[in-house]
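# Fold and geometry: a report
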Amino acid sequence: AKSREETRLENDRIRAENREADARERTAGGGVGAAGAGTGGTGGSGGAGGASVPTASDNVRFDANSGGGTATVNQAAYCIDLDFTGYTGTFAGASALSIYGSLTLDAGMSRTYTGAITFAATAVGKTLTFNGKALASAVTFNGMDGGWTLQDAWNNGASNITLTAGTLDTNGQTLTTTGIVSISGTAPRTLTLGASTLNCGTWTGTTITNLTFNAGTSTITVTAATIFNGGGLTYNEVWLISTAHTVAGANTFAVLTRTGTATKTDSITFSANQIITGTLTLAGNSAINRLLVQSSVKGTARTLTAAAVSASNADFQDIAGAGAGNWNLSAITGLSGNAGGNSGITFTTGETQYWFEDTGNWSDPALWFLGTGGGGGTGRVPLPQDNVVFDANSFSTNGKIVTADMPRLGRSIDFTGVTNTPTFTLSTITSIFGSLTLDTLTLGAGATLLTFEGRDAYTLKSNGLTFDKPITLDAPGGTLTLQDALTLGVTRTLTITNGAFNANNQNVSAGLVASNVANVRTITMGSGTWSLTGTGTVWNLATITNLTFNKNTSTIKLTNNSATLKTFSGGGLTYYDFWNATQGTGKVLIAGSNIFNDFKIDAGRTAQFTNGTNQTVS
């Protein structure tokens, strides 16, 4: 049985064939004005004006006799063929245009028209000829049984191109748009690229039902930081050249190339396994502007099966290297970084990097050495597998500042024994892949996120310092254990996303504590007091799927004295002691049906409980 959409398209096809069989020629006469497209004579070139506006049953011509004026599409317009051969005027307007045949532009014309164009032919043999003129229109090919073939290069500016029904053959021509090239809908449609070069901002091939895709020997280059929705199709050569790309769908490529840019946060993310029958190239811009190759799901590896591998200046996380390609990346240009969760890849051996002696950026290789006090030879900007040491020889005078400007700082970072009270500050969102040990220093202010991503057992020693920044544990299979009290700024959040957080009987102070995800994670509270100093949902464990929660003998204490509501979203877990020690007019809301040992509300406070929930105090 035909769907309603298929029946509609079939009826449109029949009507279009009838229109084409009875087509009349409409040629714009001299001095075309701001009327509907093609207003002018009927039949021969240069005829008198005053004829009716062309319909979907008319071919429309603009030629040398149409004058040099402006033809403005100021209402929805229709035609079979639209031909501008010999026209020297301007084609303008923004109203929609439906073309049931071919389109021919002329090199001598001007085009300011920006309306949406629908190619709705229901028969094959239609052509698109641009003669060097760019379009700036959202173009949709939507004609059941229609077929269009490019005759020369097509530049569609920043506008989208969509294939919904019919057959588009790019015929080896170059097609360029900084917008989206999309294959949509479920009607029968065919895209044949041949030897074409296709340059687009975004490629979207998510819906492949009833799609015939012929990649030929084409090259697709994607220029926007966006998702390459491959749809599980087979491609020839694909280049991804912006600052961040996600490859969606389990695709096959003859060649897949990701070239980096001059930014430290370059990445390529895979949401499924990929097969590369030729060469996989993963090229970061430099040893500082590195390319991160990663899975879309932390802790879930993506397999890249490649016949040949070329890599440089690249770090990897949750990637399995496979295929006949050489995955020994230990000595590649710029070296290779192991950010955890990888297999089948040989990485550069980790080495301890020592800082010496000046104020500077983490990304400055001149400040790193293989031994203390500038000895041991020249070091490098630390890789994710490199331990980092700041010691008594790192700073000769007071006032030195270490600015962590890299997104991946290294494995374990140790300030034990540091002298002259340096300042350690983060200038970008950054990750540590091991332990962090602080000593006598100053932590720079700022809300820059610090994430612990180590996949093994690591520690955090604060040495009495306050982190005026949010901290996240995102380490599948990893454990972060406190060595002393942890204090975050009064509005900063401690987030446990993946892995195990062990307070180790230490006190914890944070604006908010959150673990509202379904990843595998463990929170061990210990015997310390967890002070919540912020407002809003100060305790957010509403999602407890895959959470192991150890209450121990801890106390959760709310201390913010503002009038703003504070919410404790307990997720129905069993806690030890709860203490509402806030002051002022602010309310505390208890959400979820929870169990407590002691439940304490100081005098004069207001506590609310969500409707339909029960609290049990043992």
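Residues numbered from 1 in each chain as written. Predicted model: local features only at pLDDT ≥ 70, side-chain atom pairs only at ≥ 80, totals over all residues. Heavy atoms only, no water.

## Details of the overall build of the protein
A count of helical and extended segments in the protein gives 1 helix and 64 strands. Along the first, second and third principal axes, the C-alpha set of the protein runs to 95 × 65 × 50 Å. Residues counted as buried form 51% of the 618 residues belonging to the protein. Long-range pairs, those at least 24 residues apart, make up 36% of the contacts in the protein between residues at least 6 apart in sequence. As presented, the protein carries roughly 22700 Å² of accessible surface, and 49% of it is formed by carbon and sulfur atoms. Computed over 33 positive and 37 negative side-chain charges, the inter-centroid distance for the protein is 8 Å. (Helix = DSSP H or I, 4+ residues; strand = E, 2+ residues; numbered from the N terminus. Buried < 20%, exposed > 50% of the residue type's maximum accessible area, 1.4 Å probe, protein only. Contact = heavy atoms within 4.5 Å. Areas by Shrake-Rupley, 256 points an atom, 1.4 Å probe, with all protein chains shown as cover. Lys, Arg positive; Asp, Glu negative; His and termini not counted. Charge placed at Lys NZ, Arg CZ, Asp CG, Glu CD.)

## Comments concerning the environment of L163
The residue L163 is located in strand β15 (residues 161–169) in this model. Sequence spacing of L163 and S182 is 19 residues, and the spatial spacing of their C-alpha atoms is 6.4 Å. Beyond its immediate chain neighbours, meaning those up to four positions away, L163 contacts F141, L168, S182, I183, S184, R189, T190 and L191.

## Some points on the sheet that holds strand β10 (residues 110–111)
Taking strand neighbours across the sheet as the criterion, the 3 strands line up as β4-β7-β10 in an open arrangement whose pairing is parallel. Looking at which strands have only one partner, the edges of the open sheet turn out to be β4 (70–73) and β10. The sheet contact formed by strand β7 (residues 90–93) and β10 spans 2 bridges and is parallel. If you follow T90 over to β10, its bridge partner there is S110. (Pairing = 2+ DSSP bridges.)

## A short note on the nonpolar core
Residues L82, F141, W154, W203 and F316 are the most contacted members of the largest nonpolar core, which totals 71 residues. F424, L438, F467 and L488 belong to the second-largest nonpolar core, a separate cluster that totals 59 residues. (Core = buried A, V, L, I, M, F, W, Y, C linked by side-chain atoms within 4.5 Å.)

## What to know about the environment of A283
Positionally, A283 belongs in strand β28 (residues 274–283). For A283 and S310, which are 27 residues apart along the polypeptide, the C-alpha to C-alpha distance reads 7.6 Å. Those residues in contact with A283 that lie beyond four places of it in its chain are R258, T259, G260, L291 and S312.

## Comments concerning the pattern of salt bridges
If you walk through the whole model with that rule in mind, you get 11 salt bridges. With its nearest N and O atoms 2.8 Å apart, the salt bridge here joins R408 to D315. Highlighted residues: R408 in strand β39 (residues 408–410) and D315 in strand β31 (residues 314–317), separated in sequence by 93 residues. The class of D315 is buried, set by a relative accessible area of 1%. When the shortest N-O distance is used, the salt bridge between R455 and D318 registers 3.0 Å. Placement of R455 in the loop between β45 (450–452) and β46 (457–461) and of D318 in the loop between β31 and β32 (319–322) is noted, with a sequence separation of 137 residues between them. Salt bridges sharing partners connect three or more residues here, namely R290, D315 and R408. (Salt bridge = Lys/Arg side-chain N within 4 Å of Asp/Glu carboxyl O.)

## What about the confidence of the model for the protein?
Per-residue confidence for the protein gives a mean pLDDT of 93, with 94% of residues at or over 70. A low-confidence stretch, residues 30–41 (pLDDT under 50), is modelled with 49 contacts involving residues beyond four sequence positions or located in other chains. (pLDDT = per-residue confidence, 0-100.)

## Here we look at the packing of aromatic side chains
Taken as a whole and judged by the stated rule, the model has 41 aromatic pairs. Summarising the aromatic geometry, the rings of F91 and Y113 are spaced 5.0 Å apart at their centres and angled 35 degrees between planes, so their arrangement reads as tilted. Here F91, found in strand β7, pairs with Y113, found in the loop between β10 and β11 (117–119); they are 22 residues apart in sequence, far enough to count as distant. Members of the aromatic cluster, each reached through a chain of ring pairs, are F501, W530, W539, F549, F568, Y575, F578, F596, F599 and F609. Sitting over the ring of W579, K557 keeps its end group 4.1 Å from the ring centre. For K600, the ring lying beneath its charged end belongs to W579, and the centroid distance is 4.3 Å. (Phe/Tyr/Trp six-rings, centres within 6.5 Å; stacked < 30°, edge-to-face > 60°. Lys NZ or Arg CZ within 6 Å of the ring centre and 35° of its normal.)

## Some points on the pairing of β46
Only one face of β46 is buried, namely the one carrying Y458 and L460, since none of A457, T459 and K461 on the opposite face is buried. Here strand β43 (residues 436–437) pairs with β46 via 2 bridges, running parallel. Across the sheet, L436 pairs through a bridge with L460, a residue of β46. Judged from the 4 bridges that link them, β46 and strand β48 (residues 471–482) form a sheet pairing that is parallel. In the strand pairing of β48, Y458 is matched with L480.

## Some details on the sheet that holds strand β24 (residues 234–240)
Taken together, 9 strands build an open sheet; the order of strands is β14-β16-β19-β22-β24-β26-β28-β30-β32 and the sheet is parallel. Taken across any chain shown, the strands that pair with only one partner, and hence form the sheet edges, are β14 (154–155) and β32. Here β14 runs beside strand β16 (residues 174–176); their pairing, made up of 2 bridges, is parallel. Paired with N155 across the two strands is T176, which belongs to β16.

## Description of the pairing of strand β41 (residues 423–426)
Pairing of strand β38 (residues 401–404) with β41, which is carried by 4 bridges, proceeds in the parallel orientation. Note that in β41 the partner of I401 across the bridge is T423. Relative to strand β44 (residues 442–443), β41 is paired through 2 bridges, and the arrangement is parallel. Directly across from T423, in β44, lies its bridge partner T442.

## Digging into the environment of D391
Secondary-structure assignment places D391 in the loop between β37 (388–389) and β38. Since its relative accessible area comes to 14%, D391 is described here as buried. Separated by 112 residues in the primary sequence, D391 and A503 have C-alpha atoms spaced 27 Å apart. With near-sequence residues (within four places) excluded, D391 lies in contact with Y354, T372, T416, G417, V418 and T419.

## Some remarks on unusual backbone geometry
Across residues other than glycine, the phi torsion is negative in most instances, and most of the peptide bonds are trans. Located in the positive-phi region is T421, a residue other than glycine, with phi close to 45 degrees. Looking at the secondary structure, you find T421 in the loop between β40 (413–414) and β41. A positive phi is found at N505, a non-glycine position, where the angle reads about 65 degrees. Examined against the element boundaries, N505 turns out to sit in the loop between β50 (493–502) and β51 (508–510). Relative accessible area serves as the criterion here: at 48%, N505 is assigned to the partly exposed category.

## Quick notes on the side chain of S554
On the secondary structure map, S554 appears in the loop between β56 (547–550) and β57 (555–558). Side-chain polar atoms of S554 contact the backbone oxygen of K551, separated by 2.8 Å. Among all residues touching S554, those that are not within four sequence positions of it are M525, G526, S527, G528, W530, Y576 and D577. (Polar contact = N/O pair within 3.5 Å; in protein donor to acceptor, adjacent residues only side chain to side chain.)

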